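Structural characterization, general
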Amino acid sequence: MGFSTPRHDPVPDANGCFGHFGGRFVAETLMPLTLDLQAQYAAVKDSASFRAELAALQRDFVGRQSPLYFAERLTERLQGATIYLKREDLMHTGAHKINNCLGQLLLARHMGKRRIIAETGAGMHGVATATVAARFGMDCTVYMGSADIDRQRPNVERMQLLGAEIVPVSHGTGTLKDAMNEAMRDWTTNVASTFYVIGTVAGPHPYPSLVRDFQSVIGQEVREQMLEREGRPPDSLLACIGGGSNAMGLFHPFVHEPDVRLIGVEAAGQGLETGRHAASLQGGAPGVLHGNRTYLLQSEEGQIVDAHSISAGLDYPGIGPEHAWLHETGRGEYVAVTDDEAVDAFHTLCRLEGIIPALESSHAIAHAIKLAPTLPRSHRMVINLSGRGDKDMASVADYMTAKPNDRGTQ
Amino acid sequence: MMAPTRNRIARRFTELQAADRAGLVTFISAGDPDYDTSLDTLLGLPAAGADIIELGMPFSDPMADGPSIQQASQRALQGGQDMHKTLAMVRAFREHDNETPLVLMGYYNPIHRLGVAPFLALASAAGVDGLIVVDLPPEHDEEIRRPAREHDLHVIRLATPTTDECRLPRVLQDATGFLYYVSGTGVTGATQASPERIEAQLSRIRQKTELPIGVGFGIRTPDQARCIAEFADAVVVGSALTDCFQQAERPADGKRAVLERVRSLAAAIAEAR
């Protein structure tokens, strides 16, 4: 058999492959850089001084650890599983993205790089990168699709306030994938001086594992917090997936524990059957883009097609290769929820718990609303509340204007 | 399996060596700006002085290319170009020209989607001699290089200024056809490194391989081509040709401009040594 349940085999392998996904599909110009990055990361990641510096900044600058919050009223409403929320929305800059940026910028500093580049879609990764770059006094350039700049104006202003240069990308469709293409072109051009901070668990090896490692503080804290509170690990973990970094960070410490269900929630947009969605696993096919082999939204001819989601942060036509592997091996369960369901869940959490969730995270809440009632109270479910929803006020307002009669009745 | 017309690439480099001149490798994107104009242009290239033809397989996300080739790719896709039409262009070309080597150049995903085995069978039957897959480095190219060998198709390797001493052997191991030396870091169409620097890099590489070396990236003018042709086995020109379609008011003007530019580049290369 080609596939076995992931156990303790080293993943990824030396070429960065998770099964047949992942790898390092980049132009030769970038190959030596990815090899160098891999070597430097391997040398530094377990060093006591690096870990101590990272831990101190995670605590004092980011605000870790993030609370594990018992969602009492949501649990009561759903009459099923006991629901906890992992409060990444309370971290500095308002989302989990900063965990990865902090790790990568410390690594960049260690490598002697002074110039930071990043791509961003919704702007949260861009803001987190600009924030940490400001903290370390590094030059920061953020590539952002021109369509996203129009949709996410407040985050553009935040990045500028933090001293980052925003480069609009109008090639292609002017969204996240085009911003990533342009960041890779910059990296190809400025190989010696520049460190590319990829925002999700995708890209050429070692990025998928490196970003996962920096995000896995989420899952590690959940383990400790659940043991402290419940005396046992959780029964299920839920997280939304665009590229999949918050999900991978939550799942990673539990991948080798088959009793813990790992549930990733993709964006079904206007519905999988409409073709207007961002669900790479459920509506895509394997292919090669942005340095890795993974599931992609693409045409029959292998041209990449646009993703669609009300949530700009899930609007990416690919998914991290480790998720593709967890999907094919069956270790992970992957589902999708629509824009409608996500907006309903957004309102539900606002009203029941006094928490305004990001539209991204609302996808995970939406699936929990379907799943929790089918499970007993003894089932402990942890949902990653990956970000806060302040940035989404305009998107939700527009959506409610378009569909006034059937929303917000929770 | 080995038809007499095979190995057009090796044969062409042998001829060039005998004539003591560098070859001119021209890149155009298949289907840019439309199928008919692109095919007309392709058919005119050998007479204009192209020794080897690189034909781009358009892709929606050409990450290693600068604006000129990105736009060429987009124009072609908007005109309805796909892999089957690109291979049809090669077949049409081979009806007129069975001598000029033709290399398909592009990104892996459209090949991956079609399937490596069907793609290679179709490409070989169409009369393709080699492949350059930009995002398929030596670490991953075996999945196409091995079956390509059975079709006598060369998978061309790339070396760059960042390919250092410890990496070069990996690039050269199993390399066939010719080596494509990308003379600058950056995306296609970016500015060129100094000829002295490129020449030094080439002598470094020549100590390790007998393969002919083509030099590309940033070569736009006859003067630049002449400088490189003094020491390289071939000179690759791409963005300067795709620009012609970008600037042309009508497709036919673009075709004329491409062929005119190819003639002037070929003339400059012919007098380089």
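For the structure, check the block above.
Attention in this report is confined to the structure presented alongside it.

Thresholds applied
- Here the residue numbers are simple positions, counted from 1 along each chain's written sequence.
- Each chain gets a letter, beginning with A, and each ligand a number, beginning with 1, in the order they are written.
- In keeping with the model being predicted, local features are shown solely for residues with a pLDDT of at least 70 and side-chain atom pairs are shown and tallied solely at 80 or more, while totals for entire chains, interfaces and linings include all residues.
- With hydrogens and water excluded, all non-hydrogen atoms of the structure serve as input to the side-chain values.
- The term salt bridge refers to a side-chain nitrogen of Lys or Arg lying within 4 Å of a carboxyl oxygen of Asp or Glu.
- Residue burial is assigned from relative accessible area. The probe radius is 1.4 Å, only protein chains are included, and a residue is buried under 20% of its type maximum, exposed over 50%, and partly exposed in between.
- Elements are defined by DSSP. Helices are runs of H or I of four residues or more, strands are runs of E of two residues or more, and each kind is numbered from the N terminus.
- The span you would expect from a helix comes to 1.5 Å times its residue count less one.
- Aromatic pairing here means that ring centres of Phe, Tyr or Trp (its six-membered ring) are within 6.5 Å. Orientation follows from the plane angle: under 30 degrees is stacked, over 60 is edge-to-face, and everything else is tilted.
- Each ring is checked for a lysine NZ or an arginine CZ that lies within 6 Å of its centre and within 35 degrees of its normal; such an atom marks a charge sitting over the ring.
- Two strands pair under a simple rule: DSSP has to find at least two bridges between them.
- The definition of a right-handed crossover adopted here requires that, viewed with the strands pointing away, the path from the first strand over the helix to the second runs clockwise.
- Throughout this description, the term nonpolar core refers to a set of buried Ala, Val, Leu, Ile, Met, Phe, Trp, Tyr and Cys residues connected via side-chain atoms within 4.5 Å.
- Annotation comment: domain bounds sourced from an automatic or database domain assignment.
- The criterion used for residue contact is that any of the two residues' heavy atoms lie within 4.5 Å.

**What about the pattern of salt bridges?**
- This structure, assessed with the given rule, holds 51 salt bridges over all chains.
- Residues Asp178 of chain A and Lys177 of chain A are paired through a salt bridge, measuring 3.3 Å at the closest nitrogen-oxygen approach.
- Lys177 of chain A sits in the buried class, given a relative accessible area of 4%.
- When the shortest N-O distance is used, the salt bridge between Glu142 of chain B and Arg146 of chain B registers 2.8 Å. With Glu142 of chain B and Arg146 of chain B both in helix 7 (residues 142-150) and 4 residues apart, this pair spans about one turn of that helix.
- Residue class for Arg146 of chain B comes out partly exposed when judged on its relative accessible area of 46%.

**Remarks on helix 4 (residues 97-110) of chain A**
Residues and elements named next belong to chain A.
- In this model, helix 4 (14 residues) spans 20 Å end to end at C-alpha, consistent with the 20 Å of a helix rising 1.5 Å per residue.
- Taking burial as the measure, the 14 residues of helix 4 include 12 buried ones, the bulk of the element.
- Listing the buried residues of helix 4 in full gives Lys97, Ile98, Asn99, Asn100, Cys101, Leu102, Gly103, Gln104, Leu105, Leu106, Leu107 and Ala108.
- After helix 4 finishes, the residue Gly112 shows a positive phi value of roughly 80 degrees.

**Details of the packing of aromatic side chains**
Residues and elements named next belong to chain A.
- Overall, the coordinates contain 11 aromatic pairs over all chains when judged by the stated rule.
- Between Trp187 and Tyr196, the ring centres sit 5.8 Å apart and the planes meet at 65 degrees, which makes this aromatic pair edge-to-face. Note on accessibility: Trp187 and Tyr196 belong to one class, buried.
- Three or more aromatic residues joined by ring pairs form one cluster here, namely Tyr41, Phe50 and Phe214.
- If you follow Arg87 out to its NZ or CZ, it ends over the ring of Tyr69, 5.8 Å from the centre.
- A cation sits over an aromatic face here: Arg109 above Phe136, 4.4 Å from the ring centre.

**Brief notes about the pairing of strand 5 (residues 115-120) of chain A**
All names here are of chain A.
- Here strand 5 lies mainly inside the structure; 6 of its 6 residues are buried.
- Two strands pair when backbone bridges link them, and strand 5 and strand 6 (residues 139-145) are joined in this way by 6 bridges, in the parallel orientation. Following the sheet pairing, Ile116 is matched in strand 6 by Cys140.
- In this view, the connection linking strand 5 to its parallel neighbour strand 6 by way of helix 5 (residues 124-136) has right-handed handedness.
- Sheet topology places strand 5 next to strand 8 (residues 194-197); 4 bridges connect them, and they run parallel. Pairing of Ala118 across the sheet is with Val197, part of strand 8.

**Here we look at the nonpolar core**
- Counting residues in hydrophobic clusters, the biggest one holds 110 residues, and the most contacted among them are Tyr196 and Leu237 of chain A together with Tyr180 of chain B.
- For this core, the element with the most residues is helix 4 of chain A, which contributes 7 residues.
- When residues are assigned to domains, this core turns out to be shared by domain 1 (17-57 + 97-211) and domain 2 (65-94 + 216-402) of chain A, each giving three or more.
- Those residues in contact with Tyr196 of chain A, other than ones at most four positions away along the chain, are Gln104, Ile117, Ala118, Glu119, Met180, Ala183, Met184, Trp187 and Tyr207 of chain A.

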